[in-house]
Amino acid sequence: MPQQTGSYHHGDLRTACLHAARELLEEDGSAALSLRAVARRAGVSATAPYRHFADRDALLSAVAAQGYRELGTRLTAAHPAPRDPEDLAAVAAAYVRFAIERPALFRAMFAEPCDPENTERAAATAAMHDYVAAIVRDTFPAADCEAMSTAVWALVHGLAFLHLDGKLGPTDPAATDTRVRAAVLTLLKTD
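Residues numbered from 1 in each chain as written. Predicted model: local features only at pLDDT ≥ 70, side-chain atom pairs only at ≥ 80, totals over all residues. Heavy atoms only, no water.

Each helix and strand in the chain was counted, giving eight helices and zero strands. Each helix and strand of the chain, placed in order from N terminus to C terminus, yields the pattern α-α-α-α-α-α-α-α. The C-alpha extent of the chain, read off along each of the three principal axes, is 65 × 35 × 30 Å. Put simply, the chain has 191 residues, and 42% of those count as buried. (Helix = DSSP H or I, 4+ residues; strand = E, 2+ residues; numbered from the N terminus. Buried < 20%, exposed > 50% of the residue type's maximum accessible area, 1.4 Å probe, protein only.)

Laid out in structure tokens, this is it:
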């Protein structure tokens, strides 16, 4: 196998840059993320990432879009067709687990500035909003869908950040799932 000489020959620069950005986020957080650092990590020239990303915000937007898609996959795997508060609680637990398992990515998705014109991130965010709205419509057909969707997402998102920020104490995954499910069911169960 030929030795890599430091030049980039893979052919998928965008994917390599996104992979490098995610590694850097997980290792050092967003403060250390720059296009120059991504280029170094990917083994390309300092200007190469600019072929796909106009600036740091555009790169973060693309990383966030990947995160939204991965989160959507995780939520669907937790329960493919939620129809009641118990199902919704399972989806909520998966949301919080995703945040805990990928804290830097989750923060990049929700707490970092982004390129407001980035259609990829906007589409991924809209898909997440539509997913939550669909769950609410199916679970609470008599509710104001927009208001209930906002309330449900705010509840679950708040629980995710409370766990990430250590405000609820360290817990193992099973205890976290139990806490999240109990919180969601306490507020949403209609019995």
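Attention now goes to the side chain of arginine 121. Relative to the helices and strands, arginine 121 is located in helix α6 (residues 119-139). No salt bridge is formed by the buried arginine 121. Its closest oppositely charged neighbour is aspartate 57, at 7.9 Å. From its side chain, arginine 121 meets the backbone oxygen of methionine 109 in a polar contact 2.5 Å long. (Lys, Arg positive; Asp, Glu negative; His and termini not counted. Salt bridge = Lys/Arg side-chain N within 4 Å of Asp/Glu carboxyl O. Polar contact = N/O pair within 3.5 Å; in protein donor to acceptor, adjacent residues only side chain to side chain.)

Turning our attention to the packing of helix α1 (residues 13-28) against helix α5 (residues 103-110). Axis separation between α1 and α5 bottoms out at 8 Å; the angle between their running directions is 110 degrees. Taken together, the axes of α1 and α5 lie roughly perpendicular to each other. Residues Arg22, Leu25 and Glu26 of α1 form the contact with α5, whose participating residues are Pro103, Ala104, Leu105 and Ala108. A class-by-class count of the residues in the contact of α1 with α5 yields five nonpolar, no polar and two charged. (Axes fitted to C-alpha atoms, helices over the stretch in contact; angles between N-to-C directions. Parallel < 35°, antiparallel > 145°, perpendicular 65-115°, else oblique. Contact = heavy atoms within 4.5 Å. Nonpolar A, V, L, I, M, F, W, Y, C, P; charged D, E, K, R; others polar.)

A separate point is the pattern of salt bridges. In total, this model carries 10 salt bridges according to the counting rule given. Where arginine 41 meets glutamate 27, a salt bridge forms, and the shortest distance between an N and an O atom there is 2.7 Å. Taken together, the residues arginine 41 in helix α2 (residues 35-42) and glutamate 27 in helix α1 connect sequence positions 14 residues apart. We classify glutamate 27 as partly exposed; its relative accessible area is 47%. One salt-bridge network, held together by shared partners, links Arg14, Arg69 and Glu120.

Here we come to the packing of aromatic side chains. On inspection of all chains with the given rule, the structure shows six aromatic pairs. For the ring pair phenylalanine 106 and phenylalanine 110, a centre distance of 4.8 Å and an interplane angle of 50 degrees mean the geometry is tilted. Here phenylalanine 106 pairs with phenylalanine 110, and both are found in helix α5, just four residues apart, close to one helical turn. Measuring from ring centre to ring centre gives 6.4 Å for phenylalanine 110 and tryptophan 153, while their planes differ by 85 degrees; the resulting arrangement is edge-to-face. Of the two residues, phenylalanine 110 sits in helix α5 while tryptophan 153 sits in helix α7 (residues 145-164), which places them 43 residues apart along the sequence. (Phe/Tyr/Trp six-rings, centres within 6.5 Å; stacked < 30°, edge-to-face > 60°.)

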